[in-house]
Structure formats: C-alpha cells, structure tokens
Amino acid sequence: MRIGVIGTKWGLMHVGAFRAAGAEVVALCGQDEAHTREVAAREGIALATADVRTLCAAVDAVVVASPDALHRAHVEAALDAGCAVLCEKPLTLTHADAEALVERARRATRPCAVNFPYRMLPPLRALRAWLRERRAHHLVLTVRNSFVPTEALEPGACVGRSADFGGVSHLLDAVLWLTGDSPTWVQASLSGRPVHTAALQVGLSSGAVLVLTHAASPEPGLHGGWSLLGEDWEAGFSGGFIPAREGWCVSPVRCFEAGAWRDLAPGLEPRPGEREPWAQAHVETARRFLGMLGQPPRVDAELATVEEAATVQRILSAAMASEEEGRRLLLD
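Residues numbered from 1 in each chain as written. Predicted model: local features only at pLDDT ≥ 70, side-chain atom pairs only at ≥ 80, totals over all residues. Heavy atoms only, no water.

K.L.:
When you look at the overall build of the chain in this model, what are you seeing that I'm missing?
P.N.:
Tallying secondary structure elements over the chain gives 9 helices and 17 strands in all. Seen through its principal axes, the chain has C-alpha atoms that stretch 60 × 45 × 40 Å. Split into buried and exposed, the 332 residues of the chain put 52% on the buried side. A total of about 14,200 Å² of accessible surface is found on the chain, and carbon and sulfur atoms cover 49% of it. Charge-centre separation for the chain: the mean point of 32 positive side chains lies 3 Å from the mean point of 39 negative side chains. (Helix = DSSP H or I, 4+ residues; strand = E, 2+ residues; numbered from the N terminus. Buried < 20%, exposed > 50% of the residue type's maximum accessible area, 1.4 Å probe, protein only. Areas by Shrake-Rupley, 256 points an atom, 1.4 Å probe, with all protein chains shown as cover. Lys, Arg positive; Asp, Glu negative; His and termini not counted. Charge placed at Lys NZ, Arg CZ, Asp CG, Glu CD.)

Now the structure itself:
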C-alpha cells in the first residue's frame, strides 16, 4: 500500500506510524519544495514535491497533516484523485468547510477518516467500555497547554491559525466518543484573539453536561485532569505530554463505585525500548486505516468519521457565536 503524506512537520509522526504499521511511504509534500526534498532525503522517501496533485497521482492513500486552513483543499484533491484519506484534526478551519467536506466524502469511492489519537489510548478505551453500562451526569475537564500561542498573530480573529484554539477538538471528540452522545447546546467564554483560553459548557443528548477549561500555561507541556460523575459513581484520570519525561503520560483510570475506589485501567508512560505512547496511538490509527482500504467507502468503527469531526467543528463554531452574543446557543 503506497502512502503519501502532506506535511513536513507533524506529518513525520505519520511517516513513522504507517511504516510501523507495514505500509510503504513513497511520497512527501510540503509548501517549500527545497525543504521538502531535504526532509524526504533524510527520511528515505522517494518522491518529494510541493504539488499536492503530483503526490496524489503517485499513491493509494493520502495523510493530510498540513496547516488547518489547507485541510479542505488537500482532502478534496486527494478524494478527487481517487485516494483514501486520513486527515489530521481539526478537520477544517471553519464549520462551513467541514460541512462541505462531509458532502464531498459522501460521494467518494474511497474511505475518508479523521485522526483523533485519544481514541487509541488503552486507558481511554477501557474507560469507554466501562461507561457503556453507565450514564454520566457531568464531565469536568481541565487542561493547561503551553503550546497554544498567546501573542496576537491575527488581531480581532478568534481562530487565528488554529481551528480548535490549540487542541480543544481532541477533548471534544474524546468526550463524544466516550459517551456516545451528541451536543445539544453550547455556552462559552473565550479569552485572547486568537483564542488561547476557552471555558466551555456543552449540553449532551443524554442530559449530561461537559464543563471544559482549556488554558494557556507557562509550564511546558500539556497537563489535563478528567472527572466523570454519575448518580452513584465517579471515574477519573490525568494525562498529557510531559517534556521532562519525553512523552505522553496517562495515570491509571480510577473509579469510585459501591463505596470504594479501584483501578479500572493501568496508566501509560514512556519506557526505554518501547514506542512512545502518543506515537503508538498513531501506529494503531494507521493499522486501522490500512485495514479498511479495499473496502467500500466506510470508516473503521473506532476511527472518527468526517461527520463526527464536523460535529466537533460545529461545537467550536457555536462557542465563538456564544462568546460574541453572550448567551447559550441551542443546536438543532
């Protein structure tokens, strides 16, 4: 299976993942052709180009890991060329573009999926299985993020260069995937232009409420805490990227039920001689993506569909409208 990767930065994570999953990465596309050739030579990739159409003509499947604003054009180019597509999160820069891709993907003859690696982390998979027999009332997430820019790159714009305020789409998709719910209303307070700190409340179809705070932080890395609460139970864990430990760390998932705490699933951390946990999550995504190629235009049940990714963009769009109008917005 010949894989082409668009993107010379985060795209390299996918180069390693697809190779580990048994695929041949034969083409790399970047905005600067000289730089792309340099990276391709270092990575042992035969074709280096700055033209997306050239890459699509040389491969069976395309990974879109370009800047957010280019996702729609690159996904459409790959589908038009008859390639299967795995697109990085967030799906697009705007909700309107996401809906346009939903319509385009429905007409495609090859599968199109979106990469949300939280779905591939074993502790979260165990939590999801446990939640199938329980209904949450509240989900409380707090994430501090040193990677989100706080300088005004584009004054007056909420979105700037990131369509998800620097990572909120990961969290929203994980919540919807864990619970199996859909969003019904959104109320938000957004700080910074572009937004760097977001406080969101999202109503879910089950009646549960998500309370999410994603804040710019001076401490290096990503630091998150999750609490899920039901009528007579509670579950939680912490996790994120810890530079001092050179990778992703997830605590054991613990649950409180029948009056006692217990471990529901073991945690994750980088270990010598093993693939870093976030990189391993990408390998699992690559394996699942490869497994559905040659099939009708569908997505593996564990991978995010274009429709699911568009729902995440819809929440983010509603959050910006809620901030502008100063009120809760109902979603149809």
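K.L.:
Looking at this structure, I do not really get the sheet that holds strand β2 (residues 24-29). What am I missing?
P.N.:
Strand pairing within a sheet occurs via backbone hydrogen bonds; the two strands may be parallel or antiparallel. Strands sit in the order β3-β2-β1-β4-β5-β6-β16 across an open sheet of 7 strands; the sheet is mixed. Bordering the open sheet on either side are β3 (47-49) and β16 (304-305), each of which pairs with just one other strand. As defined by bridge partners, strand β1 (residues 2-6) adjoins strand β4 (residues 61-64) across 4 bridges and the pair is classed as parallel. Bridge pairing in β4 places V5 opposite V63. Across the sheet, helix α2 (residues 33-43) lies against β2 and β3, angled at about 160° from β3, the strand it touches most. (Pairing = 2+ DSSP bridges. Contact = heavy atoms within 4.5 Å. Axes fitted to C-alpha atoms, helices over the stretch in contact; angles between N-to-C directions.)

K.L.:
How should I be thinking about the pattern of salt bridges in this particular structure?
P.N.:
Pairing between side chains of opposite charge can happen when the charged atoms of each approach one another. Following the criterion strictly, the structure yields 22 salt bridges and no others. Notably, a salt bridge pairs R288 with E284, separated by 3.1 Å at the nearest N-O pair. Of this pair, R288 and E284 are both found in helix α8 (residues 277-291), 4 residues apart, which corresponds to roughly one turn of the helix. A relative accessible area of 22% places E284 in the partly exposed class. A salt bridge links E325 to R327; the nearest nitrogen and oxygen atoms lie 2.7 Å apart. For E325, a relative accessible area of 43% puts it in the partly exposed group. (Salt bridge = Lys/Arg side-chain N within 4 Å of Asp/Glu carboxyl O.)

K.L.:
What exactly am I supposed to notice about the environment of R328 here?
P.N.:
Along the chain, the position of R328 falls in the loop between α9 (306-325) and β17 (329-330). Residues R328 and Q187, 141 residues apart in the sequence, show an inter-C-alpha distance of 4.4 Å. Beyond its immediate stretch of four places on either side in the chain, R328 contacts W185, V186 and Q187.

K.L.:
Is there a simple way to explain the nonpolar core in this structure?
P.N.:
Within soluble globular proteins, side chains that are nonpolar tend to cluster in buried spots. Residues I3, F18, L127, L139, L200, W226 and F289 are the most contacted members of the largest nonpolar core, which totals 76 residues. The element best represented in this core is helix α7 (residues 168-179), accounting for 8 residues. Ignoring any residue separated from it by four or fewer positions in sequence, one finds L139 in contact with V175, T179, L204, A208, V209, L210, V211, S227 and L228. Judged by nonpolar contacts, the second largest core, of 29 residues, contains C29, L55, V64 and C83. (Core = buried A, V, L, I, M, F, W, Y, C linked by side-chain atoms within 4.5 Å.)

K.L.:
Mind showing me how you'd approach helix α6 (residues 122-131) here?
P.N.:
Because each turn of an α-helix spans 3.6 residues, side chains separated by three or four positions in sequence point in the same direction. Taken as a whole, α6 has its buried residues at P123, L124, L127, R128, W130 and L131. Projected onto a plane normal to the axis of α6, the buried residues spread over an arc of 160° and lie on a single side. For α6, the elements touching its buried residues are α7, β11 (222-229), β12 (233-242), β13 (247-250), β14 (253-257) and β15 (260-265). (Arc of directions from axis to C-beta.)

K.L.:
I'm lost on the UniProt feature "domain: Gfo/Idh/MocA-like oxidoreductase N-terminal" (unreviewed entry) in the chain in this one. Help?
P.N.:
The UniProt entry lists residues 1-116 under the feature "domain: Gfo/Idh/MocA-like oxidoreductase N-terminal" (unreviewed entry), expressed in the numbering used here. With 42% helix and 23% strand, the stretch residues 1-116 has end C-alpha atoms that lie 22 Å from each other. (UniProt positions renumbered as here; feature names shortened; annotations may be inferred.)

K.L.:
Looking at this model, I keep getting lost on α2. Mind explaining?
P.N.:
Listing the buried residues of α2 in full gives T36, V39 and A40. Projection of α2 onto a plane perpendicular to its axis shows the buried side chains occupying an angular sector of 100°, all on one side. Facing away from the buried side of α2, by more than 90 degrees, are the exposed residues A34, R37, E38, A41 and R42. Looking at the buried residues of α2, the elements they touch are α1 (11-20), β2 and β3. N-cap assignment for α2: the residue whose side-chain oxygen lies 3.2 Å from the backbone N of A34 is D32. Of the residues flanking the end of α2, it is G44, one or two places downstream, whose phi is positive at about 70°. (Polar contact = N/O pair within 3.5 Å; in protein donor to acceptor, adjacent residues only side chain to side chain.)

K.L.:
Got a minute to help me understand the packing of aromatic side chains in this structure?
P.N.:
The description of two aromatic rings rests on the distance between their centres and on the angle between their planes. Applying the stated criterion across every chain yields a total of 9 aromatic pairs. Where W248 meets W278, the ring centres are 4.2 Å apart and the plane angle is 10°; that geometry is what we call stacked. Within this pair, whereas W248 is found in strand β13, its partner W278 is found in helix α8, the two being separated by 30 residues in sequence. Relative accessible area serves as the criterion here: at 6%, W278 is assigned to the buried category. Here F256 and W261 contribute two aromatic rings whose centre-to-centre distance is 5.4 Å and whose plane-to-plane angle is 55°, an arrangement assigned as tilted. (Phe/Tyr/Trp six-rings, centres within 6.5 Å; stacked < 30°, edge-to-face > 60°.)

K.L.:
Sorry, what's going on with the side chain of H14 here?
P.N.:
Among the secondary structure elements, H14 is positioned in helix α1. When neighbours within four sequence positions are excluded, H14 is seen to be in contact with V63, A65, L86, E88, N115 and H282.

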